[in-house]
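# A structural walkthrough
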Amino acid sequence: MSFWSDKRVLVTGGAGFLGSFVVDKLGDRGCANVFVPRSKACDLRDRDAIIRLYEKTKPNLIIHLAAVVGGIGANRENPGRFFYDNAIMGIQLMEYARAFQIPKFVQVGTVCAYPKYAPVPFTEENLWDGYPEETNAPYGLAKKMLLVQAQAYRQQYGFNAIYLLPVNLYGPRDNFDLETSHVIPALIRKLSEASKMAKPEVLLWGDGSPTREFLYVEDAAEGILLAAEKYDGAKPVNLGTGEEISIRDLAKLIGKKVRYAGQIEWDTTKPNGQPRRCLDVSRAKELFGFEAKTSLQDGIAKTITWFQTHVDKHCEINPA
Ligand SMILES: NC(=O)c1ccc[n+]([C@@H]2O[C@H](COP(=O)([O-])OP(=O)(O)OC[C@H]3O[C@@H](n4cnc5c(N)ncnc54)[C@H](OP(=O)(O)O)[C@@H]3O)[C@@H](O)[C@H]2O)c1
């Protein structure tokens with residue numbers, strides 16, 4: 001019998017970017033009872049909706065992925081919503097999971113919880129050593145409070161909540177809407193469109209100097225399921241690759257892959273975000289054997305192919 005065969009798994013946000021891969025992998029592992037609440041029918045900010053959901057689905061494992069997320073622009077425009085929605089969903093889901101005596105709760109946090117100037121690579125021990133980068137602090141801190149809740153509930157009630165900190169994700173099915181997207185889909189879209197229109201130059205946000213680490217979405221989903229299977233501890237755990245790349249080099253890499261022949265220029269009036277991001281990924285390997293498998297080159301190639309077959313063909317490009 002596999003770990004998953006007798007599980008009733010509730011995946012909040014299971015129709016989203018990361019969630020859809022988690023749900024696919026649960027299917028691959030033979031989990032027959034997977035429940036995915038959608039926000040229209042079940043608003044997880046609403047306590048009564050959560051209670052009804054737990055009564056109806058009777059889960060024995062919850063993977064909480066539902067969140068409002070976005071790139072720097074979306075974070076700057078919605079600090080209040082990003083704080084409230086993310087905090088209230090997690091706090092209430094965990095509180096009622098405890099009340100319903102649900103045996104395991106997997107809380108997915110974010111690299112945005114780290115201090116702006118944490119020593120690189122970020123180790124989980126440095127999580128509380130400073131305030132996060134200002135543009136994503138409301139989002140990052142709302143999710144960080146769920147680590148406090150998980151640890152406090154473990155201590156007082158013996159509640160088994162684990163806490164994971166994925167780095168920036170990318171891959172097929174990502175959000176390519178330039179108003180709300182993260183950096184990789186935004187670069188793929190801008191540079192592909194510029195390539196098609198043979199634009200002589202493309203203007204990108206910031207100065208290109210910040211570094212980021214990127215985890216391919218299927219690897220992230222694998223890490224979450226391994227943690228659900230094998231890890232039952234209080235310590236937060238990073239999920240990443242441990243490899244850092246500057247936004248400038250990333251733009252060059254994507255530009256080459258989409259055959260963009262023009263110049264990449266930088267709009268330094270726009271914010272850079274956190275100066276550097278790169279995780280120490282040793283704890284995940286040690287505690288539940290997780291190691292990312294997909295190289296950035298391969299992952300970006302797969303993401304571009306998906307963009308070209310699913311998004312780009314619907315895009316209207318105004319040649320004016
Ligand atoms: N993407 C990244 O780079 C990244 C990096 C680190 C951590 N994470 C974390 O990974 C998780 C998944 O992120 P993602 O990028 O996959 O996000 P996503 O594609 O935007 O999916 C989030 C899902 O949350 C659901 N949701 C939002 N508000 C809700 C509400 N009020 N009630 C019920 N459901 C609600 C939405 O469901 P509907 O579709 O039904 O509206 C949506 O599908 C999040 O917890 C995020 O913080 C993401």
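Just so it is clear, the model here is predicted, and its values are computed rather than measured.

With that settled, the discussion passes to the pattern of salt bridges. In the structure shown here, the tally under the stated rule is 19 salt bridges. For D85, the salt bridge goes to R45, with nearest N and O atoms at 3.4 Å. Taken together, the positions of D85 in helix α4 (residues 79–99) and R45 in the loop between β2 (33–35) and α2 (47–57) put the pair 40 residues apart, joining distant regions of the chain. Given a relative accessible area of 35%, R45 falls into the partly exposed group.

Moving on, we get to the packing of α4 against helix α5 (residues 137–157). Between α4 and α5, the shortest axis-to-axis distance is 8 Å and the interhelical angle comes to 15°. Overall, the two elements α4 and α5 adopt an arrangement that is roughly parallel. α5 is crossed by α4, and the crossing has right-handed handedness. Note on element contacts: α5 touches α4 through P138, Y139, A142, K143, L146, Q149, A150, Y153 and Y157, opposite P79, F82, F83, N86, A87, G90, I91, M94, E95 and R98.

Further remarks concern the confidence of the model for the chain. For the chain, the mean per-residue pLDDT works out to 95, and 98% of the residues sit at or above 70. Note that residues 316–320 has pLDDT below 50 and, in this model, five contacts with residues that lie over four places away or in other chains.

Domain parsing of the chain yields domain 1 (8–171 + 213–244 + 276–294) and domain 2 (183–208 + 246–275 + 298–310). Counting each side, the surface lost to burial between domain 1 and domain 2 is near 1,400 Å², with a carbon and sulfur contribution of 67%. Sorting the residues of the side of domain 1 that touches domain 2 by element identifies α3 (72–77) and β9 (214–216) as the ones contributing at least two each. If you tally residues by element for the side of domain 1 that touches domain 2, the top one is α3, at three residues.

Procedures and definitions
Counting from 1, residues in each chain are numbered in the order their sequence is written. Per-residue local features of the predicted model are confined to residues with pLDDT of at least 70, and side-chain atom pairs are confined, for both listing and counting, to 80 or more; whole-chain, interface and lining totals are unaffected and use all residues. With hydrogens and water excluded, all non-hydrogen atoms of the structure serve as input to the side-chain values. Any Lys or Arg side-chain nitrogen located within 4 Å of an Asp or Glu carboxyl oxygen qualifies as a salt bridge. Numbering of helices and strands starts at the N terminus; helices are DSSP runs of H or I of at least 4 residues and strands are runs of E of at least 2. Think of it in three bands: residues with accessible area under 20% of the maximum for their type are buried, residues over 50% are exposed, and the middle band is partly exposed, with areas taken using a 1.4 Å probe on protein chains only. The axes used here are C-alpha line fits, helices contributing only the stretch in contact, and every angle between their N-to-C directions lies in the interval 0 to 180 degrees. Oblique is the label for any angle not covered by the other classes, which are roughly parallel (under 35 degrees), roughly antiparallel (over 145) and roughly perpendicular (65 to 115). Note on convention: the crossing is left-handed when the near helix lies turned anticlockwise from the far helix by less than a right angle, right-handed when the turn is clockwise. We call two residues contacting when some pair of their heavy atoms lies within 4.5 Å. Confidence of the prediction at every residue is given by pLDDT, a number between 0 and 100. Segmentation of the chain into domains, including their bounds, is taken from an automatic or database domain assignment. A simple way to read buried area is as the amount of 1.4 Å-probe accessible surface that goes missing from two parts once joined, with both sides added.

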